[in-house]
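Here is what each chain is made of, one letter per residue.
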Amino acid sequence: MTQAEKGDPENGKEKEREKEQRVGVKRPIVPAVVQESMQEQIQSNFIIVIHPGSTTLRIGRATDTLPVNIPHVIARRHKQQGQPTYRDKWLLRDGLNKPESNEQRQNGLKMVDQAIWSKKMSNGTRRIPVSPDQARAYNKQIRPAVLDHSSAVKWTNTSHHPAFLVGEEALYVNPTDCYNIHYPVRRGQLNLHSGSGGSLTAVLADLETIWTQAIQKHLEIPLKDLKYYRCILLVPDIYNRQHVKELVNMILMNMGFSGIVVHQESVSATFGSGLGSACVVDVGDQKTNVCCVEDGISHRNTRLCLAYGGSDVTRCLYWLMQRAGFPYRDCQLASKMDCLLLQHLKETFTHLDQDNSGMKDLEFQIRHPDAPTLLYQLRLGDERLQAPMALFYPATFGIVGQKMATLQYRSQGDPEDPHDEHYLLATQSKQDQSAKAMADRRALSKPGGFEGDSRCQSDDILDRLRPQEVELGSSVNDCLVSRNESQEPTTAHMSRKTAISQFEGKALGLDKAILHSIDCCASEDTKKKMYSSILVVGGGLMFQKAQEFLQHRILHKMPPSFRRVVENVEVITRPKDMDPRLIAWKGGAVLACLDTTQELWIYQREWQRFGVRMLRERAAFMW
């Protein structure tokens, strides 16, 4: 070997690569020295976008056309034999079995029926009411037909006693097996409860297990290579700061990602749909978020979370079908297989088409593990329209004694973040006092002619402090505040507190929630902009004619003053013909490629050193 060869680093690297190829060592392609045109693509290929939902996890590389969709559930084996089994509920929830639940459900259904019959069909005639008694007489005599003596559906094989199962495998665990079933996210928040696996530590461990399994199995990325990857995590607009801090810590320190950006779902949805501004209506399986987004900023006053979604419509359909003599009489809301069946029936049968009326003969199949495939006939009338209309009359869900609407909530503070709003509020009065004392001293030390000037200077100092005080005072009940948002007047804050007390405990209909959110916008121009662009995402409102139905209700319920000036109320349910369930994830992938996102990355070493203070420094919204 010549001296030149010895001193040539490129030659040495090439020999090292040849050696690795011979021994079969695999190294990830680190996005390093590449052409500038390829840089963005390769960097995006090393960014993973995670959108955790209540029932579905959406995860994938930023360069993927579509994310991987996985049931967001985990089954963990009992540590001790004979231990009682814990299973998180899916369609069942608290507040359904109260004495007044049935009465509230009936009252809600009366309002739904009145709304159905009061609106004319497109041909000018009114719908003819269909009594459930007409369908019941037919459905009660129906008996199933056996299509196959063995269904193709199988229980998950647990003969090798795995410690845990994730996704589809967890869904199809035999109920007789010794496994606890956990959904780590419920109604958009971490699923903390007093039962088994309900602690914050346990829920975070479940999330880490589900996400790492998805990354290894579906994205085919070894966990040891995550140090070369970065993550974009989508969170709801109204969330728990402590939980987000723990998630960021888990992603960076436990899973080993090199960097992370935390962004809001509503803002991400506007990026995914290509809209600059919109009133984003995210109807999920268990919660509904409404928020007005303008130029990449989520206005804090407009954020609203409703504690109902698609699963509540599914349960409502089951109740309505029971009234109509549902022929599958063994159906149980506590059974996972029956929940999956009812979810399918909702997606197949229900609609929001006012012109679709009268009795309809339908059929469905039941494919349960270790059971024959059964075919049922079913006759339904208005039930197919009544169930999705419960989103606009949520009393029909029959939920009593539960908090159904959330606007803002108080931040509990964080000992690791010394400059949070609690600290600033505590020091605010001291700043005011010191500024006043300084001004007084200067006034006394100078001739009388300068006293007015010193007072003006003092007033300037106080004026600079006062907006911050208003901002902080209003954000005590706020979990996310954008640094670019305009200041909220005190009067607006007081009226907002009154609004909270008026309906926070009540079930607010979807259309009323949208109107309330738009009404909370700061200016008339912004309100007009939001009425002209209502973006519906998520899988909870994917009913036939949902776009026209929601548009009609908004148009007829919006304030008369806006009805005259808003040229067109536009409801967008499938922007760019994309699946509305994937819009927010797609927006996260778009964010990964933007130049402005480069300033938002929180890197592992920074998190180790500064912790939650990095979220205050780098988050795209005021932490």
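Residues numbered from 1 in each chain as written. Predicted model: local features only at pLDDT ≥ 70, side-chain atom pairs only at ≥ 80, totals over all residues. Heavy atoms only, no water.

**A closer look at the sheet that holds strand 1 (residues 47-52)**
Here we have 6 strands laid out as an open sheet, ordered 3-2-1-10-11-21, and mixed in their pairing. Every other strand in the sheet has two partners, leaving strand 3 (68-71) and strand 21 (602-603) as the edge strands with one partner each. Bridging between strand 11 (residues 259-264) and strand 21 involves 2 bridges; their strand directions are antiparallel. The residue of strand 21 that forms the bridge with Gly259 is Tyr603. Contacting strand 10 (230-235), strand 11 and strand 21, helix 8 (residues 241-254) crosses the sheet at an angle of about 150° to strand 11. (Pairing = 2+ DSSP bridges. Helix = DSSP H or I, 4+ residues; strand = E, 2+ residues; numbered from the N terminus. Contact = heavy atoms within 4.5 Å. Axes fitted to C-alpha atoms, helices over the stretch in contact; angles between N-to-C directions.)

**So, the packing of helix 16 (residues 510-519) against helix 18 (residues 546-557)**
Each packed pair of helices is defined by two parameters, the angle between the axes and the distance between the axes. Where helix 16 meets helix 18, the closest approach of the two axes is 10 Å, and the angle between their N-to-C directions is 55°. Here helix 16 is positioned oblique relative to helix 18, judged by the angle of their axes. Pair helix 16 / helix 18 crosses with right-handed handedness. For the pair helix 16 and helix 18, contact is made by Asp511, Lys512, Ile514 and Leu515 and by Leu550, Arg553, Ile554 and Lys557, respectively. (Parallel < 35°, antiparallel > 145°, perpendicular 65-115°, else oblique. Left-handed = near helix turned anticlockwise from the far one by under 90°.)

**Some points on helix 4 (residues 101-118)**
The end-to-end C-alpha separation of helix 4 is 26 Å, in line with the 26 Å expected for 18 residues at 1.5 Å each. Burial in helix 4 covers these residues: Ser101, Arg105, Gly108, Leu109, Val112, Asp113, Ala115 and Ile116. Looking straight down helix 4, one finds its buried side chains confined to an arc of 160°; they lie on one side. In helix 4, the exposed positions that point more than 90 degrees away from the buried face belong to Glu103, Lys110 and Gln114. Contacts made by the buried residues of helix 4 are with helix 10 (310-323), helix 12 (383-389) and helix 18. (Expected span 1.5 Å × (residues − 1). Buried < 20%, exposed > 50% of the residue type's maximum accessible area, 1.4 Å probe, protein only. Arc of directions from axis to C-beta.)

**A word on the confidence of the model for the chain**
Averaged over the chain, the pLDDT score is 84; the fraction of residues at 70 or greater is 79%. Low confidence marks residues 19-39, where pLDDT is under 50. Its contacts with residues over four positions away, or in another chain, come to 15 contacts. Throughout residues 447-494 the model reports pLDDT below 50, and contacts reaching past four residues in sequence, or to other chains, amount to 88 contacts. (pLDDT = per-residue confidence, 0-100.)

**Concerning the packing of aromatic side chains**
Under the counting rule described, the total for this entry stands at 9 aromatic pairs. The interplanar angle of 70° and the centroid separation of 6.3 Å between the aromatic rings of Phe326 and Tyr328 together place this pair among those described as edge-to-face. By relative accessible area, which is 9% here, Tyr328 ends up buried. Here the aromatic rings of Phe364 and Tyr376 are separated by 5.4 Å at their centres, their planes lie at 10°, and the arrangement is stacked. Taken together, the positions of Phe364 in strand 16 (residues 360-366) and Tyr376 in strand 17 (residues 373-380) put the pair 12 residues apart, joining distant regions of the chain. By relative accessible area, Phe364 is classed as buried at 4%. (Phe/Tyr/Trp six-rings, centres within 6.5 Å; stacked < 30°, edge-to-face > 60°.)

**Here we look at the sheet that holds strand 17**
One open sheet accounts for 3 strands, arranged 5-17-16; its pairing is antiparallel. Every other strand in the sheet has two partners, leaving strand 5 (145-148) and strand 16 as the edge strands with one partner each. Sheet twist, expressed as the average angle between the axes of neighbouring strands with direction ignored, equals 35°. Sheet topology places strand 5 next to strand 17; 3 bridges connect them, and they run antiparallel. What sits directly across from Ala145, in strand 17, is Leu375. Sitting on the sheet, helix 11 (residues 336-349) touches strand 16 and strand 17, and the angle it makes with strand 16 is about 150°.

**Let's talk about the side chain of Thr597**
Relative to the helices and strands, Thr597 resides in the loop between helix 20 (583-593) and strand 21. The exposure class assigned to Thr597 is buried, which follows from its relative accessible area of 2%. From its side chain, Thr597 meets the backbone oxygen of Leu591 in a polar contact 2.5 Å long. Setting aside chain neighbours within four positions, we find Thr597 in contact with Val261 and Leu591. (Polar contact = N/O pair within 3.5 Å; in protein donor to acceptor, adjacent residues only side chain to side chain.)

**Details of the nonpolar core**
If you look at the biggest cluster of nonpolar residues, it comprises 86 residues, and the most contacted ones within it are Phe364, Ile514 and Leu541. The element best represented in this core is helix 10, accounting for 7 residues. Ignoring any residue separated from it by four or fewer positions in sequence, one finds Phe364 in contact with Phe326, Tyr328, Leu341, Leu345, Phe349, Leu374, Leu375, Tyr376 and Leu378. Within the second largest apolar cluster, 43 residues are counted, among which are Leu207, Leu219, Leu247 and Val262. (Core = buried A, V, L, I, M, F, W, Y, C linked by side-chain atoms within 4.5 Å.)

**Description of unusual backbone geometry**
Even without a glycine there, the phi angle at Arg187 is positive, about 55°. Of note, Arg187 is situated in the loop between strand 8 (185-186) and strand 9 (189-190). One non-glycine residue, Lys576, lies in positive phi territory at about 55°. Its place among the elements puts Lys576 in the loop between strand 20 (571-572) and helix 20. Overall, the relative accessible area of 61% leaves Lys576 in the exposed class.

**Section: the packing of helix 9 (residues 265-273) against helix 20**
Running from amino to carboxyl end, helix 9 crosses helix 20 at an angle of 80°, the nearest separation of the two axes being 6 Å. Judged on the interaxial angle alone, helix 20 and helix 9 are roughly perpendicular. Of the residues in helix 20, those touching helix 9 at Glu265, Ser268, Ala269, Phe271, Gly272 and Ser273 are Ile583, Ala584, Lys586, Gly587, Gly588, Val590 and Leu591. Its residues assigned to classes, the contact of helix 9 with helix 20 shows 6 nonpolar, 5 polar and 2 charged. (Nonpolar A, V, L, I, M, F, W, Y, C, P; charged D, E, K, R; others polar.)

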